[in-house]
Amino acid sequence: MPARCLVTLLPASCLLLFLLFLLTMPFREVSAAPRCREYDRPAPTNCKYGTSKDWCKNGVCAKGPGEPCGGYQRRDGDCGEGMRCVCGRCRGCSPVDRKCFQPVPINCY
């Protein structure tokens, strides 16, 4: 096959592969997204440690010191103000009730 034919066929085949890739992208994203039954619900009003949003943008109560947090798609929730999620537990001190959770550092992974 002459070199001139390869030069003209290569861009066409690359374009075809790129278009095929673009057509399959939405299906990949949808299959990885969680199934949400409700969206954008307001947060409860009686949350001790504040509020945050879940994966579906629903308002939920934030977690307190020592409570489970994080996880796949933040399934176990977010920590309230003054705390952060480390190894699946809210660590730090809450300004709400001044409770703290500071366990000895461990390698959680």
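Residues numbered from 1 in each chain as written. Predicted model: local features only at pLDDT ≥ 70, side-chain atom pairs only at ≥ 80, totals over all residues. Heavy atoms only, no water.

## A short note on the sheet that holds strand 3 (residues 83-86)
The three strands lie next to each other as 3-4-5, forming an open sheet whose pairing is antiparallel. With one partner strand each, in any of the chains shown, strand 3 and strand 5 (100-101) form the two edges of the open sheet. Relative to strand 5, strand 4 (residues 89-93) runs antiparallel, the two being bridged by two bridges. Bridge pairing links Gly 92 to Phe 101 in strand 5. (Pairing = 2+ DSSP bridges. Helix = DSSP H or I, 4+ residues; strand = E, 2+ residues; numbered from the N terminus.)

## Observations concerning the state of the cysteines
Scanning the model with the defined rule gives five disulfides in all. What pairs with Cys 69 in a disulfide is Cys 85, and their sulfur atoms sit 2.0 Å apart. Looking along the S-S bond of the Cys 69-Cys 85 disulfide, the torsion reads about 95°, which is the right-handed sense. You can see Cys 69 sitting in the loop between strand 2 (59-61) and strand 3 and its partner Cys 85 sitting in strand 3, a full 16 residues away along the chain. Given a relative accessible area of 2%, Cys 69 falls into the buried group. With relative accessibility at 39%, the residue Cys 85 sits in the partly exposed group. (Disulfide = S-S within 2.5 Å. Buried < 20%, exposed > 50% of the residue type's maximum accessible area, 1.4 Å probe, protein only.)

Scope: geometric values only; no functional claims are made or implied.
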